[in-house]
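Geometric and topological summary
Residue strings, one per chain:
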Amino acid sequence: MMNWTKQYPGWTMFGAMLGLLFFLWGLAIPLSAAPAPIGPAAEQFAEGARVTVWLTLIAGSVGVVLGIVAGMGKLSKFLPLRWICDFYVWLIRGTPLLLQIMFVWLALPTIMPEGIELSDFACAAIALSLNIGAYNTECVRAGILAVPHGQVEAAKALGLTPFQTFMDVILPQSLRVALPALANNLASLVKDSSLAYAISVVELTMAGYRVQAESYQPIPVFLTIAAIYLILTTAFTTLTAALEARLDVGQKR
Amino acid sequence: MDNQSPPSQPIIIARNVDKRFGSFYALRGVSASFSEGQVTAIVGPSGSGKSTFLRTLNRLEAHDGGEIIIDGIVLSDDLQHLDAIRREVGMVFQSFNLFSHLTILRNVALAPIRVRKMSRADAEAKALALLDRVGLKNQAHKYPVQLSGGQQQRVAIARALAMDPKVLLFDEPTSALDPEMVNEVLTVMRELAHTGITMLVVTHEMGFAREVADRVIFFDEGVILEDTTPQAFFTNPDHERAQAFLSQVRHGF
């Protein structure tokens, strides 16, 4: 499979995405054929899986942007910006994710302007984005540091502006280095999103928890959840592996 | 060797240029001017400041004192001046510094697209013509890592030429090459020298300096010790340091 991913990265990405969607929408059908306690609760599992995937996709994408911005910020020559980014990473890495989710859920509504209401789901997405963003920051920073200085000098000498140098030369080359680590964080995120249960977001783990509470049969329920998580992480890692293959050009092996 | 007529308006003027790294003086009051179309070989022992001098001319190193004027523009921290100068001054590096994530064609076409705002089609047509000129048209769709050192350096020359610079700076262009690849690069440079482009070549290739250059500058300990014709330099240098240097490198040619 890895060879195939390397040979056709574009198709693999497309396939993994399509597979993920099919899986999400079709999940209830095979599950409903399963014996109790799984069968009757098929729709609950499917709904929980959808919430988990949405949380992962949103926090994953926002987290990459945050990681790039803060990763640049940490390497900035402008001291206050560096302090802010250092503080952000220090704060997030130094506190439990569960606490961060609770904090966003409890504190954010009090400082939001009148009339804007944040759903539980939105609070979970914000907290997860901030969390993975901090971990991504260090991956992106490592990637930027790995770009040889000569590449930047060549871009400067050609007259590229600092912004063009960053977008055309530094960013693509640093992402190539950072991607395996970013993929690692994404795989963690799929499962970390389960902590959203604490603020009553019914994602996959919470859905399972409810089903087992009704049926008093935890083992088949948790086995089912574990299987669904495995399928989801496989889809996400296939996606990132394909992306990696796509960026992996002009490298020495 | 058609530059025996009195030089026209100098395109590069350096007056009393100083450069310090900490307490170490890399350049001490260096003054020199270069007229259009002149090919100058800059030689000297390592650490003598010859590369540093070259790198101050397109501000890869900022000079600490004195004045540098290129094509009538004073080199300073003013970004607009800097952009204007970097458009006119191309550079070829010792370690090639090709953008490793881009194909050969994109390497050459990038700066015209970004800096000269050329259309992609025009820039790539131009890039192909330049690659043809350095004998690498059939390698256009490969990545830098797939090429030999000599080929990469020829691409780097084509990349610098794509901006139609008035001045080309060469920073030890053959020093990182295997001996059998030195000649293919020197051949390209020899052809360039006859096109009327202003060339400053920091080099250890004394054969090239003697045969192709109109002028030889000898650096030692951050100052210009000799500034003369190749013939005078190689047959009868004024300074003992230059004589010692020549007897050291003479075994090579």
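What comes next concerns the included structure. Computed from a predicted model, the values in this text were never measured in an experiment.

Quick look at the overall build of chain A
- When you go through chain A residue by residue, the secondary structure sums to 11 helices and 0 strands.
- For chain A, the sequential pattern of α-helices and β-strands runs α-α-α-α-α-α-α-α-α-α-α.
- If one aligns the C-alpha atoms of chain A with their principal axes, the spans along those axes are about 70 × 50 × 30 Å.
- Buried residues in chain A amount to 47% of all 253 residues.
- Contacts in chain A between residues far apart in sequence, at least 24 positions, make up 76% of those at least 6 positions apart.
- Here chain A contributes 14 positively and 14 negatively charged side chains, and the mean placements of these two sets differ by 15 Å.

A closer look at helix 8 (residues 149-157) of chain A
- Burial analysis of helix 8 of chain A places 7 of its 9 residues in the buried class, the great majority of the element.
- Burial in helix 8 of chain A covers these residues: G150, Q151, V152, E153, A154, A155 and A157 of chain A.
- Where helix 8 of chain A is buried, its residues touch helix 9 (162-192) of chain A together with helix 1 (50-57), helix 2 (79-88), strand 6 (89-92) and helix 5 (149-161) of chain B.
- Trailing helix 8 of chain A by a residue or two, G159 of chain A shows a phi angle of about 95°, which is positive.

What about the layout of surface pockets?
- Taken as a whole, the largest pocket encloses approximately 870 Å³ of empty space.
- Every residue lining the largest pocket is counted, 21 residues in all, and those nearest its centre are K77, V152, K156, P162 and I170 of chain A.
- Within the residue set of the lining of the largest pocket, elements represented by two or more residues are helix 7 (120-146), helix 8 and helix 9 of chain A together with helix 2 of chain B.
- Taken together, the residues that form the lining of the largest pocket break down as 12 nonpolar, 4 polar and 5 charged.
- P148, Q151 and G250 of chain A together with L98 and S100 of chain B are the residues nearest the centre of the second largest pocket, which is lined by 21 residues in total.
- When contributions to the lining of the second largest pocket are tallied by element, the ones reaching two or more residues are helix 7, helix 8 and helix 9 of chain A.
- Top element by residues in the lining of the second largest pocket is helix 9 of chain A. It accounts for 3 residues.
- A class-by-class count of the residues in the lining of the second largest pocket yields 9 nonpolar, 10 polar and 2 charged.

Section: the side chain of Q164 of chain A
- Mapping Q164 of chain A onto the fold places it in helix 9.
- Looking at Q164 of chain A, the relative accessible area reads 12%, which means it is buried.
- Separated by 3.0 Å, the side chain of Q164 of chain A and the backbone nitrogen of T161 of chain A make a polar contact.
- Filtering out sequence-adjacent residues up to four positions away, Q164 of chain A remains in contact with V169 of chain A together with R114, V115 and K117 of chain B.

Points about the sheet that holds strand 4 (residues 65-70) of chain B
All names here are of chain B.
- If you walk across this open sheet you meet the 4 strands as 2-1-4-5, and the pairing is antiparallel. Each edge of the open sheet carries a strand with a single partner, namely strand 2 (24-35) and strand 5 (73-74).
- Judged from the 8 bridges that link them, strand 1 (residues 10-21) and strand 2 form a sheet pairing that is antiparallel. In the strand pairing of strand 2, I12 is matched with F34.
- Strand contacts of helix 1: strand 1, strand 2 and strand 4, with the helix running at about 60° to strand 2, the strand carrying the most contacts.

The rules behind these values
- Residues numbered from 1 in each chain as written.
- Chains lettered and ligands numbered in written order.
- Predicted model: local features only at pLDDT ≥ 70, side-chain atom pairs only at ≥ 80, totals over all residues.
- Heavy atoms only, no water.
- Helix = DSSP H or I, 4+ residues; strand = E, 2+ residues; numbered from the N terminus.
- Buried < 20%, exposed > 50% of the residue type's maximum accessible area, 1.4 Å probe, protein only.
- Contact = heavy atoms within 4.5 Å.
- Lys, Arg positive; Asp, Glu negative; His and termini not counted.
- Charge placed at Lys NZ, Arg CZ, Asp CG, Glu CD.
- 1 Å grid on protein atoms, 1.4 Å probe; cavity = no way out; pocket = protein on both sides within 12 Å on 5 of 7 lines; lining within 4 Å.
- Points joined across faces, edges and corners; volume = space filled by probe spheres on them.
- Nonpolar A, V, L, I, M, F, W, Y, C, P; charged D, E, K, R; others polar.
- Polar contact = N/O pair within 3.5 Å; in protein donor to acceptor, adjacent residues only side chain to side chain.
- Pairing = 2+ DSSP bridges.
- Axes fitted to C-alpha atoms, helices over the stretch in contact; angles between N-to-C directions.

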